[in-house]
Amino acid sequence: MAKSICFYFQVHQPFRLKPLSLLGHQAVTDFFDHEHEHESNEAIFNKVSQKCYLPTTEVLLRMCKQHPNFRCSFSLSGVFLEQCELYPKYGTPVLKNFKALVKTGQVEILAETYHHSLTFLYSKLEYAHQIQLHRDLIWKHFQIRPQVFRNTELIYNNDLAAFISNMGYRGMIAEGWHTAMEEDNPNLIHFANLETLPHDDQLIAHKYAIKGKGRKSHTNEQHFPVLTKNYQLSDDIAFRFGNKDWPGYPLQTETFAHWVENAPGDTVNLFMDFETFGEHQWADTGIFDFLEHLPNACQAHDITFRTPSQTIEDFTPQTQYHTEHYVSWADEHRDISAWVENDMQRSALAELQDIEARLHQYRSHKHDVIDKLWDDFRKLSTSDHLYYMSTKYFADGDVHTYFSPYPHPYDAYINFMNALEHLNAQFEHWHEHKGKSPKQKRIHRSFRLTKARLAN
Amino acid sequence: MSTDAKKVLMLGWEFPPVFSGGLGVVTQNLAQALQSENVDLTLVLPQFITEQIIEARFDPGVKLMTFADSECDLKALNQHKKTWRVKTLIHSPYLNPAEYETQREKFLSQRYKRRLKSDKSPSQMKKGPVYGENLFAEIDRFAAEVLALSEGEHFDVVHAHDWITAEAALQLKLQRGLPYILHVHATEVDRTGNHQPDSEVFRRERFAMKMADKIIAVSRYTKDILVSTYEIDGNKIEVVYNAYEARNQKSEAEKNAVWQKDKSQFWVLFIGRVTLQKGPEYFVETAKLVVENNPKQNIHFFIAGTGDMLPQIQDMIYRYGLNDRVHCLGFLNAIERDSLYMLTDACIIPSVSEPFGLTAVEVIEHHTPLIISKNCGANELLGHKFPVDFWDAPKMAEYVLALERYPHLRRTIRHKAIEQGQPISWQKQAEEVVEIYNKF
């Protein structure tokens, strides 16, 4: 069977916090709308739409039309799709293009958490719930049910794979990192080392499973496929493409197709941020031409394209992907230290966990205030907030600072904790008054006063 | 080692133990480090300082040059020092003005004389907070002294600290063709917060900079000021940071012996001269905002230092009703200061303009969270701190409140500062200076 390229593009925009202060005693109820228009989430969304989302989806639409064998996949975070609706000026045409791409039948949408979160670190229940929310949102926009799962930042370990397989997904994608692979070859199809899930987690996984698919419990004999990123070739496009000091510069489609052909194995999984096109690699690097002409060059080398589902369908898993520790696609060591390395990050996670536990007491409460608190809490669970707090490369002014809206990680932590303070204050306020309207409270108080007077 | 050791004439203005200000300490450390880098270094200080060093039997660790017929007891000098009996026209720095004028005429070029005459308007003589109203005269006298002392001696290069000694270097260049390096530790722009730079000092500084063969700036921040405000060619400016060396940490018992602190309290420190340059009023503004937003009422502010703005600052504290929350401690000795650093939960340096700022380094050395003005050269060496605009009291207040409220913030910034804290040695900095010498 012809070797294939499997493209997966991550499309995500966090709801960045506005500056939140500890000065003044005013209650803050809106965390995300920045007063300064040019720094707002909308401004960033519009900028990235113009530079990347719109031009790249248009290129891909042309490619689908010209090359019936072209395939690719997307993971669209829920908070990204929410911004498409919230900021219609660019959001509407962007969403329209994604819908058109899905309609071609050549594009697959992957499953993930709605909030691009790290909730699996502290609550499987909330994690499953956010997967469900994402599933519903994808259904609403595209009328499809994603079958292959991609976890936030490709974070993966055996436990997570077991959980996801128990939710009925057909496969999962991960970083092609040597510590997790039996053979150091990301181009083979891997199968997960599924450990038995704790009973509670199993119940949660089944409760939130894809309809009709959740009950079947995977064993190691029934392989759960894992697609692994070829980071060498992926990063040639995502990170090195426009680097004039790189020996491979300027990268031609012909050369790249040749590299793919020479890579041993069945599939070359090219996983990257969608912003690679036009945002990380600017248009003037020639990245769009590269993308558009890649299918032609591949054809000459008998290389085709497959979606993740097709890749899983067409090839048999050959070798095990096994890791107890979390592996991600981030940083030099492919671990999760970018999110949980320092005290601030760990304390922020602990706070999120606390708030979630408290909110859960009111899970069945249908109330605007509680709904809003859940919604804000979930937007705060987006992994980016923790990433901004990373001190790992801060002193070197590395990528962390490039992607952060804050000048330094301490500002990121302070602003995040201030948001949680305000969220807690709202919750306390609601908790005290249990949703009673101010009018009701007044009646109560006067009633008590009357009683007191009578007693006297 | 290399046989062609550079012969360097270094001109200083302060020196421990006479003036233990920043410049004196830096001059001493650098001079000693240079000497162990095999530089043949001779230091000249104003005569009255040299005499006091000798009287105090303080070992400066470098060769000092002084008049052999000065009133001090030469036998007190140890073998490190070398003195010359120089044929000189100036016998003492304390000449009377008329005599001085006569002597000076013989030394100074016509050009120099013209400049001096225009300098002598009384209104311009009033400035100079440290040295009083005859500062310019003293500077000129020092220049004349240096010329006399170094007569007949060979030097490869002159290394002058700040504009005060630059006049002497300038004369050596004009009269003997000696190249000079101007080492800039502070400028008039820093001292006056650029509000009303003293035009005469500024003019002298700029002339000395323009004439210098090389300039050493103590930070990129200072280099930028020299380029933008003094219009100096950036190519002849090298940045050599001041060094700082880890000192012995005080024990828990020692620090508690000096200060009594209730565990529930959160202490915020301002340390430095209470002058315009250090921005003490922004510290008080910050305190006001913090106190208004600190329901626990547990945050206390300390001002350690003294200076011409102290009465104004005390008045401000009184007007804001902060008497029981902002405490003026006056000048602290080293032990009091170090133990306060350790007990303090946050330190604010709201300097309007600070070429380097050794205090910042000391704060980080004690692992104390630091809120520091962006106009501070030491920033370039310190990774983990809270940078602020010196006037931005609300931002500083936010940081204080956050540090008080979020213990993990304090822990992380302390830990990261420790991890990153690699002291820079004077030896390493001296190597950089030697590289500059070798260009001559």
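Basis of the calculations
Residues numbered from 1 in each chain as written. Chains lettered and ligands numbered in written order. Predicted model: local features only at pLDDT ≥ 70, side-chain atom pairs only at ≥ 80, totals over all residues. Helix = DSSP H or I, 4+ residues; strand = E, 2+ residues; numbered from the N terminus. Rg over C-alpha atoms; globule rule 2.2 N^0.38 Å. Buried ≥ 20, exposed ≤ 12 C-beta atoms within 10 Å, placed from the backbone. Contact = placed C-beta atoms within 7 Å. Axes fitted to C-alpha atoms, helices over the stretch in contact; angles between N-to-C directions. Parallel < 35°, antiparallel > 145°, perpendicular 65-115°, else oblique. Left-handed = near helix turned anticlockwise from the far one by under 90°. Nonpolar A, V, L, I, M, F, W, Y, C, P; charged D, E, K, R; others polar. Domains from an automatic or database assignment. Pairing = 2+ DSSP bridges. Core = buried A, V, L, I, M, F, W, Y, C linked by C-beta atoms within 7 Å. Expected span 1.5 Å × (residues − 1). Arc of directions from axis to C-beta. pLDDT = per-residue confidence, 0-100. Right-handed = clockwise from strand over helix to strand, strands pointing away.

## Here's the deal with the overall build of chain A
Looking only at helices and strands, chain A has 17 helices and 10 strands in total. Taken against the 2.2 N^0.38 rule, which gives 23 Å for 456 residues, the C-alpha radius of gyration of chain A at 24 Å falls within 12% of a compact globule. Over its C-alpha atoms, taken along the principal directions, chain A stretches across nearly 95 × 50 × 40 Å. Sorting the 456 residues of chain A into buried and exposed places 46% on the buried side. The long-range share in chain A, meaning contacts at least 24 apart out of those at least 6 apart in sequence, stands at 80%.

## Some details on the overall build of chain B
Along chain B, the regular secondary structure elements total 18 helices and 13 strands. Scored against the burial criterion, the 440 residues of chain B give a buried share of 44%. The contacts of chain B with a sequence gap of at least 6 include a subset with a gap of at least 24, amounting to 66%.

## Quick word on the packing of helix α12 (residues 343-360) of chain A against helix α16 (residues 409-433) of chain A
Residue and element names in this part refer to chain A. Where α12 contacts α16, the two axes come as close as 11 Å, and the packing angle between them is 15°. Accordingly, the angle class assigned to the pair α12 and α16 is roughly parallel. In the packing of α12 onto α16, the handedness of the crossing is left-handed. Only Y413, F416, M417, L420, L423, N424 and F427 of α16 make contact with α12, whose side of the interface consists of M344, A348, E351, I355 and R358. Partitioned by chemical class, the residues of the contact of α12 with α16 number 9 nonpolar, 1 polar and 2 charged.

## Observations regarding the domain arrangement of chain A
Residue and element names in this part refer to chain A. Each assigned domain of chain A is listed with its residue range as follows: domain 1 (4-321) and domain 2 (342-455). Between domain 1 and domain 2, the C-alpha centre-to-centre distance is 29 Å. Here the residues of the side of domain 1 that touches domain 2 are counted per class, giving 14 nonpolar, 9 polar and 3 charged.

## What about the sheet that holds strand β7 (residues 225-229) of chain A?
Residues and elements named next belong to chain A. Spatial ordering of the open sheet is given by β4-β5-β7-β6-β10, a layout of 5 strands whose pairing is mixed. For this open sheet the edge positions go to β4 (148-150) and β10 (319-321), each flanked by a neighbour on one side alone. Each adjacent strand pair in this sheet contributes to an overall mean axis angle of 40°, direction not counted. With 2 bridges joining them, strand β6 (residues 190-192) and β7 adopt antiparallel strand pairing. The residue bridging H190 from the neighbouring strand is V226, located in β7. Contacts from helix α5 (residues 158-166) reach β4, β5 (171-175), β6 and β7 within the one sheet, and its direction differs from that of β6 by about 85°.

## Focus on the domain arrangement of chain B
Residues and elements named next belong to chain B. Assigned domains of chain B: these are domain 1 (7-243 + 428-437) and domain 2 (252-420). Across the contact, 16 residues belong to domain 1 and 13 residues belong to domain 2. Among the residues making up the side of domain 1 that touches domain 2, the classes are represented as 6 nonpolar, 7 polar and 3 charged.

## Regarding the sheet that holds strand β13 (residues 386-388) of chain B
Residue and element names in this part refer to chain B. In spatial order, the strands read β10-β9-β8-β11-β12-β13; together these 6 strands make up an open sheet with parallel pairing. The two strands at the open ends of the sheet, each matched to only one other strand, are β10 (326-330) and β13. Neighbour-to-neighbour, the strand axes of this sheet turn through a mean angle of 20°, independent of strand direction. Here strand β11 (residues 346-349) pairs with strand β12 (residues 370-373) via 3 bridges, running parallel. Residue I349 lies in a different strand from β12, and its bridge partner there is I372.

## Side note on the nonpolar core
Most often, soluble globular proteins keep nonpolar side chains buried together rather than apart. The biggest cluster of nonpolar side chains holds 234 residues, and the ones touching the most others in it are M172(A) and L182(B). Excluding its chain neighbours within four sequence positions, the residues that come into contact with L182(B) are A160(B), A166(B), A169(B), A208(B), M209(B), A212(B) and I215(B).

## Digging into helix α18 (residues 426-437) of chain B
Residue and element names in this part refer to chain B. For α18, spanning 12 residues, the distance from its first C-alpha to its last is 16 Å, which sits close to the expected 16 Å at 1.5 Å a residue. All of the buried residues in α18 are W426, Q429, A430, V433 and Y437. Axial view of α18: buried residues confined to an arc of 100°, hence all on one face. Looking at the buried positions of α18, the neighbouring elements they touch are β1 (7-11), α1 (22-36), β4 (157-161) and β6 (214-217).

## So, the environment of N157(A)
Residues and elements named next belong to chain A. Within the element layout of this structure, N157 appears in the loop between β4 and α5. With 23 C-beta atoms packed within 10 Å, N157 lands in the buried category. When the C-alpha positions of N157 and A180 are compared, they lie 9.0 Å apart, and in sequence the two are 23 residues distant. Ignoring sequence-local partners within four residues, the contact set of N157 consists of T323, E324, H325, Y326 and V327.

## Section: the confidence of the model for chain B
Residue and element names in this part refer to chain B. Taken over all residues, the pLDDT of chain B has a mean of 81, while the share at 70 or more is 79%. Ignoring residues within four places in sequence, the model shows residues 70-101, a span with pLDDT below 50, making 49 contacts including any to other chains. Low pLDDT (under 50) marks residues 106-133, which in the prediction has 23 contacts with non-local residues, meaning those over four places away or in another chain. Quick note on the complex model: pTM equals 0.85, ipTM equals 0.85.

## Some details on the interface of chain A and chain B
Listed by partner, the interface residues are 14 residues for chain A and 17 residues for chain B. Counting residues per element, the ones that place at least two in the side of chain A that touches chain B are α12 and α16 of chain A. Per-element accounting of the side of chain A that touches chain B gives the leading share, 4 residues, to α16(A).

## What to know about the pairing of strand β2 (residues 40-44) of chain B
Consecutive residues of a regular strand have side chains that alternate between opposite faces of the sheet. Residues and elements named next belong to chain B. Across the 5 residues that make up β2, a large majority, 4, are buried. For β1 and β2, the ladder comprises 5 bridges, and the chain directions are parallel. Its bridge partner lying in β2, M10 is registered against L43. Here β2 pairs with strand β3 (residues 63-64) via 2 bridges, running parallel. Within β3, the position partnered with L43 by the bridge is L64.

## Observations regarding the pairing of strand β8 (residues 266-271) of chain B
Residues and elements named next belong to chain B. Where burial is concerned, most of β8 is hidden: 6 out of the 6 residues are buried. Alternating residues of β8 divide into F266, V268 and F270 and W267, L269 and I271, and every residue in both groups is buried. Bridging between β8 and strand β9 (residues 299-304) involves 6 bridges; their strand directions are parallel. Counted as the bridge partner of W267 is H300 from β9. Read as a crossover between parallel neighbours, the route from β8 over helix α12 (residues 280-292) to β9 is right-handed. As paired elements, β8 and β11 share 2 bridges and run parallel to each other. The residue bridging L269 from the neighbouring strand is C347, located in β11.

## Here's the deal with the environment of I189(A)
Residues and elements named next belong to chain A. In this structure, I189 sits in the loop between β5 and β6. Note on I189: 23 C-beta atoms within 10 Å, which makes it buried. Along the primary structure I189 and F403 are separated by 214 residues, whereas in three dimensions their C-alpha atoms are 32 Å apart. Excluding residues within four positions of it along the chain, I189 makes contact with P225, D266, T267, F315, T316, P317 and Q318.

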